[in-house]
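A closer look at the structure
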Amino acid sequence: MVEKKVIYPVLTRFFDCYLKERNIAKTLSIVADDLYSLGTGDEETSTNKEEFARLLEEEIKSIPDPIQYKIMDYQEKQTGENSWECLCKVETAVRLNGSEEEIRYLTRFTGGFRRVEEEFLATTLHMSEASSYQESGEFFPLRFFSEKTEKLNETAQHELLDIICQMMPGGVIGGYIEDGFPLYVVNDTMLEMMGYTYNEFVEETEGLVINSIHEDDAHMVEKHVLDCLKQEKQYAIEYRVKKKDGSSLWVYDIGRKIIAEDGRSAIISVLVDISESVRVKKNLIEESNRDFLTGIYNRKGGEATVTAKMNNSDAPYIFLMIDLDNFKSVNDMYGHGTGDKMLRFFAKQLRETFRKTDIAIRLGGDEFAVYAQPCFNKEAIQNKVEKIIKDYVEEAKNRCPSVSTSVSVGGIYSMEPRSFSSIYKAADGILYEIKQSGKGRCEIREI
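The structure contained in this document is the topic of the report that follows. (Residues numbered from 1 in each chain as written. Predicted model: local features only at pLDDT ≥ 70, side-chain atom pairs only at ≥ 80, totals over all residues. Heavy atoms only, no water.)

**Notes on the sheet that holds strand S7 (residues 171-176)**
Spatially, the 5 strands line up as an open sheet ordered S8-S7-S11-S10-S9, and their pairing is antiparallel. For this open sheet the edge positions go to strand S8 (183-186) and strand S9 (234-242), each flanked by a neighbour on one side alone. Here the strands of the sheet are splayed against their neighbours by 25° on average, with no regard to which way each runs. Of the pairings in the sheet, the one linking S7 to strand S11 (residues 265-273) comprises 6 bridges and is antiparallel in character. Across the sheet, the residue bridging to Gly 171 is Leu 271, located in S11. Across the sheet, helix H7 (residues 215-231) touches S9, strand S10 (248-259) and S11, and the angle it forms with S9 is around 170°. (Pairing = 2+ DSSP bridges. Helix = DSSP H or I, 4+ residues; strand = E, 2+ residues; numbered from the N terminus. Axes fitted to C-alpha atoms, helices over the stretch in contact; angles between N-to-C directions. Contact = heavy atoms within 4.5 Å.)

Below you can see the structure in the form of structure tokens.
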């Protein structure tokens, strides 16, 4: 399914007002009062709406002609309950003073947006180009190529980097594109996010950015970054960084290759804390895999979890298919309220009897399953199940004494990896035999 683009219509409306219509009032209606903007020129920075308006007036006075644009490689991401970020490439084209010659220019754009009631307002706007030079008199976000290009002097580069580090709402970190990414720059926001002072951070990471990344993610991040930089000068990725207190922080990292003032290739990254959105997403996924009544896995979640566990282990396992006998009579005679209480009681039995690493599943209705791995003692499992059967019957006598309900269990014990459908079919066949020959007992066969 194609992901809905929330910010894209807002961004196109902003560029329509700003570039095509050259309408200052309309453009300003789409930006927040506390807007931060950073253009491609040395002086093109603003820290509020008023300063941004002044920059617009200067630009449009100098270049009043309509400017056509095209958005390419567009991506966007929700970073908070009411906040989004986007990144893309923007190609602009303009004919100055009625000239027939069309001047084109390609920039990279990142923007932050905040939802205020029913509107979206820009909170950060950042345009950049591949080169680091822009002549005076050229404006955000435009810069038209000249045959005579020069490099920005090292002092101006360093000052511009300082501005970026101070203005970015997220953390900023940079490393040289060398083994381990030796630290090039880090701002106070990034240090605060991780809980370090500068000296503590350098000591803990040994001056290598790679050592600030969670060890389970470090190789993946390094590979992704280097692969992206072979194709272009920008990348985006999610991963975890390590905090001083030992916990982890999920971040969304947008990075770009630059040439540092000492002439070495480096990366500058903006990292936004997305821990809350990751937590919410994980909870939603977890909830979708759980049975709403009993809290154990539903069929979809159970099947996926069993498959993953079997694929990652070659230890012996047991798979049990479980049916609550005559359970329809419980609902019919005592109502679904009592039936639900019995289902919750039985699920609680499974959770408390088996290990936390074992997988209890409600397949639907009064059918359950259990997957236990590793399992080296089939008889121990048999004893546990027989106690579950006994306790369930005792509970049923107290809650619904007029109904004869019991538990039938058919299981397999094996060391051979199989698909979920295969073990389901094998155990279900044994369960069927039990229900045909008396119900209320457990049989586990080695296959």
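Text resumes after the structure shown.
**Thoughts on the packing of aromatic side chains**
One pass over the structure, following the stated rule, counts 13 aromatic pairs. A ring pair is formed by Phe 14 and Phe 15, whose centres lie 5.5 Å apart and whose planes are at 65°; its orientation type is edge-to-face. Looking at Phe 14, the relative accessible area reads 1%, which means it is buried. For the ring pair Tyr 196 and Phe 201, a centre distance of 5.8 Å and an interplane angle of 65° mean the geometry is edge-to-face. The same class applies to Tyr 196 as to Phe 201, namely buried. By way of ring pairs, the aromatic residues Phe 14, Phe 15, Tyr 18, Tyr 69 and Phe 109 are connected into one cluster. Over the face of the ring belonging to Tyr 297 we find Arg 290, whose NZ or CZ atom lies 4.0 Å from the ring centre. The ring of Tyr 424 carries Arg 299 above its face, with NZ or CZ at 4.7 Å from the centroid. (Phe/Tyr/Trp six-rings, centres within 6.5 Å; stacked < 30°, edge-to-face > 60°. Buried < 20%, exposed > 50% of the residue type's maximum accessible area, 1.4 Å probe, protein only. Lys NZ or Arg CZ within 6 Å of the ring centre and 35° of its normal.)

**Things to note about the side chain of Asp 217**
For Asp 217, the position within the fold is in helix H7. For Asp 217, a relative accessible area of 8% gives the class buried. With sequence-adjacent residues up to four places away left out, Asp 217 is seen in contact with Tyr 239 and Arg 240.

**So, the pairing of strand S13 (residues 359-364)**
The two faces of the sheet receive side chains in turn, since in a regular strand these alternate between them. Most of S13 is tucked away: 5 of the 6 residues are buried. The turn linking S13 back onto strand S14 (residues 367-372) is made up of 2 residues, and Gly 365 within it adopts a positive phi angle of 55°.

**Some remarks on helix H1 (residues 8-20)**
For H1, built from 13 residues, the straight-helix expectation of 18 Å at 1.5 Å per residue is met to within 8% by its first-to-last C-alpha distance of 17 Å. Within H1, the full set of buried residues consists of Val 10, Leu 11, Thr 12, Phe 14, Phe 15, Cys 17, Tyr 18 and Leu 19. Remark: Arg 22 follows H1 within two positions and exhibits a positive phi of approximately 55°. (Expected span 1.5 Å × (residues − 1).)

**Quick word on the packing of helix H9 (residues 299-311) against helix H12 (residues 420-436)**
Remark: H9 packs on H12, axes separated minimally by 10 Å, with the N-to-C direction vectors making an angle of 110°. Taken as axis vectors, H9 and H12 run roughly perpendicular relative to one another. On the side of H9, the interface is formed by Arg 299, Glu 303, Val 306, Thr 307 and Met 310, while H12 contributes Phe 420, Ile 423 and Tyr 424. Residues belonging to the contact of H9 with H12 are distributed by class as follows: 5 nonpolar, 1 polar and 2 charged. (Parallel < 35°, antiparallel > 145°, perpendicular 65-115°, else oblique. Nonpolar A, V, L, I, M, F, W, Y, C, P; charged D, E, K, R; others polar.)

**As for the environment of Lys 61**
Mapped onto the elements, Lys 61 comes out in helix H3 (residues 49-62). Sequence spacing of Lys 61 and Arg 22 is 39 residues, and the spatial spacing of their C-alpha atoms is 9.9 Å.

**Brief notes about empty space enclosed by the protein**
Across all of its chains, the model carries 5 cavities of 30 Å³ or more by this definition. Roughly 150 Å³ of internal volume is contained in the largest cavity. Residue lining of the largest cavity: 14 residues in total, with Phe 181, Val 209, Tyr 235, Asp 253 and Ser 269 positioned closest to the centre. Breaking the lining of the largest cavity down by element, the ones donating at least two residues are S7, H7, S9 and S11. With 3 residues, S7 is the single largest residue contributor to the lining of the largest cavity. (1 Å grid on protein atoms, 1.4 Å probe; cavity = no way out; pocket = protein on both sides within 12 Å on 5 of 7 lines; lining within 4 Å. Points joined across faces, edges and corners; volume = space filled by probe spheres on them.)

**Notes on the layout of surface pockets**
The computed volume of the second largest pocket comes to approximately 610 Å³. Put simply, the parts of the chain that give the lining of the second largest pocket at least two residues each are strand S3 (68-80) and helix H8 (275-288). In terms of residues, the lining of the second largest pocket owes the most to one element, H8, which gives 9 residues.

**A look at the sheet that holds strand S16 (residues 442-446)**
Pairing is mixed in the open sheet, where 5 strands are placed in the order S13-S14-S12-S15-S16. Strand pairing shows two members of the sheet lacking a second neighbour, S13 and S16, which therefore form its edges. In this sheet, neighbouring strand axes are inclined to one another by 15° on average, regardless of whether the strands run parallel or antiparallel. Both strand S15 (residues 407-414) and S16 contribute to a ladder of 5 bridges, which runs parallel. Of the residues in S16, the one forming a bridge with Val 409 is Cys 442. Helix-sheet contacts for H12 involve strand S12 (317-324), S13, S14, S15 and S16, and the interaxial angle to S15 is about 135°.

**Some points on the pattern of salt bridges**
Scanning the model with the defined rule gives 27 salt bridges in all. Close ionic contact of Lys 49 with Asp 33 constitutes a salt bridge, the shortest N to O distance being 3.9 Å. Taken together, the residues span a long stretch of sequence, with Lys 49 in helix H3 and Asp 33 in strand S1 (residues 31-38) at a distance of 16 residues. Put simply, Glu 238 and Lys 77 hold a salt bridge, and the shortest N to O gap is 2.1 Å. (Salt bridge = Lys/Arg side-chain N within 4 Å of Asp/Glu carboxyl O.)

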